[in-house]
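Coordinate inspection notes
These are the residues of each chain, in order.
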Amino acid sequence: MPIQSLKGALRALLLVAIFFAGVWSQSSGVIDDFLWYLPDVQYLAIQHLWLTVISGGLAILVAIPLGIVLSRPSMTRWAESLMQVLNVGTTIPTLAVLALSMSFLGIGTVPAVFGLFVATLLPITRNTYAGLKGVDPALMEAAAGIGMSSTQRLLRVELPNALYVIFAGMRTALTINVGTVPLAFLIGAGGLGELIFTGIDLYDPVMMLAGAIPTALLAIVVDALVATVAFLMVPRGVNPSRA
């Protein structure tokens with residue numbers, strides 16, 4: 001009971017805080033100033049999503065097959081060493097990766113997509129590899145015992161059991177991708193970073209928030225969408241959300 005009362009008090013306090021924040025925003029004109037940037041937000045949000053979809057989609061198309069290849073018994077000796085090569089995309093700051101991409105590919109969308117692709121690759125590859133390696137050996141033995149080929153075991157046993165871990169990597173990677181896309185503005189690729197960095201340069205908090213708040217909301221939406229797809233696609237027996 002005390003815990004429930006504390007939760008109720010915190011909810012009430014949060015509602016009161018939101019109410020007073022709304023009153024202050026309306027009286028100070030912040031909402032009107034924020035709405036003035038709405039056309040820019042709509043236009044730049046489309047660019048932002050486009051960069052996320054292209055770089056994230058390419059990362060998924062490359063990372064999942066790569067994780068499958070690295071998880072094969074014949075690659076056991078080399079898997080971790082090759083994974084460290086992919087780790088370059090996360091150990092080097094994303095801004096530095098974008099700058100290096102710009103040096104070779106010029107300014108604009110192409111270097112931005114390449115830099116975001118490199119930064120997104122490792123979490124998906126790592127989770128694909130870990131998910132496949134984590135499949136219960138007893139299941140693999142049973143599949144081999146009933147005469148399944150290695151391809152059948154991969155498609156009908158390993159991947160279904162690893163899907164939950166793979167989707168967890170995709171959720172992490174794509175959410176980070178959305179939050180990283182604003183940096184693409186610095187190399188001429190557009191996105192909501194235009195409002196964020198211009199607002200910082202002009203010391204205009206409203207302009208900065210007009211870019212930062214939609215970016216945060218997009219990250220939440222992308223995470224929720226991937227979670228929904230995972231809930232629907234991951235088999236019930238290996239999906240804790242459907243237990």
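Taking an unreviewed UniProt entry as the reference, the protein is identified by name as ABC transporter permease belonging to Halomonas rhizosphaerae. The record in UniProt for the protein states the following under Sequence similarities (unreviewed entry): "Belongs to the binding-protein-dependent transport system permease family." On record in UniProt, under Subcellular location (unreviewed entry), the comment for the protein is "Cell membrane".

1. Considerations on the overall build of the protein
Secondary structure assignment for the protein yields 11 helices and zero strands. Along the protein, helices (α) and strands (β) appear in the sequence α-α-α-α-α-α-α-α-α-α-α when read from the amino end. Across the 243 residues of the protein, 37% fall into the buried class. Considering only residue pairs separated by 6 or more positions, the protein has 72% of its internal contacts joining residues 24 or more positions apart.

2. Brief notes about the UniProt feature "transmembrane region" (unreviewed entry) in the protein
In this structure's numbering, the residues bearing the UniProt feature "transmembrane region" (unreviewed entry) are residues 49–70, 82–100, 106–124, 162–187 and 207–234. Helix makes up 84% of residues 106–124 and strand makes up 0%, while its end C-alpha atoms are separated by 27 Å. Counted over residues 207–234, helix gives 96% and strand 0%. Its end C-alpha atoms are 41 Å apart.

3. A closer look at the nonpolar core
By size, the foremost hydrophobic cluster in this structure holds 39 residues, and its most contacted members are Tyr-37, Ile-124, Phe-167, Met-170 and Leu-195. Where this core is concerned, the elements lending two or more residues are α3 (38–71), α4 (79–86), α7 (109–133), α9 (150–180) and α11 (205–233). Ranked by residue count, the leading element in this core is α9, at 10 residues. The residues contacting Tyr-37, other than those within four sequence positions of it, are Leu-195, Asp-204, Val-206, Met-207 and Ala-210.

What counts and what doesn't
- The numbering scheme is per chain: residues are counted from 1 as the chain's sequence reads.
- With pLDDT at 70 or above as the cut-off, local features in this predicted model cover only qualifying residues; side-chain atom pairs require 80 or more to be listed or tallied, and sums for whole chains, interfaces and linings still use all residues.
- The basis for the side-chain values is all heavy atoms of the structure; hydrogens and waters are excluded.
- UniProt positions are given in the numbering used here, feature names are shortened, and annotations may be inferred rather than shown by experiment.
- Per the convention used, a helix needs a DSSP run of H or I reaching at least four residues, while a strand needs a run of E reaching at least two, with both numbered from the N terminus.
- Each residue's exposure class comes from its accessible area (1.4 Å probe, protein chains only) as a fraction of the maximum for that residue type: buried when under 20%, exposed when over 50%, partly exposed otherwise.
- A contact between two residues is defined here by any heavy atoms of the two lying within 4.5 Å.
- Here, nonpolar core refers to any group of buried Ala, Val, Leu, Ile, Met, Phe, Trp, Tyr and Cys residues whose side-chain atoms link them within 4.5 Å.

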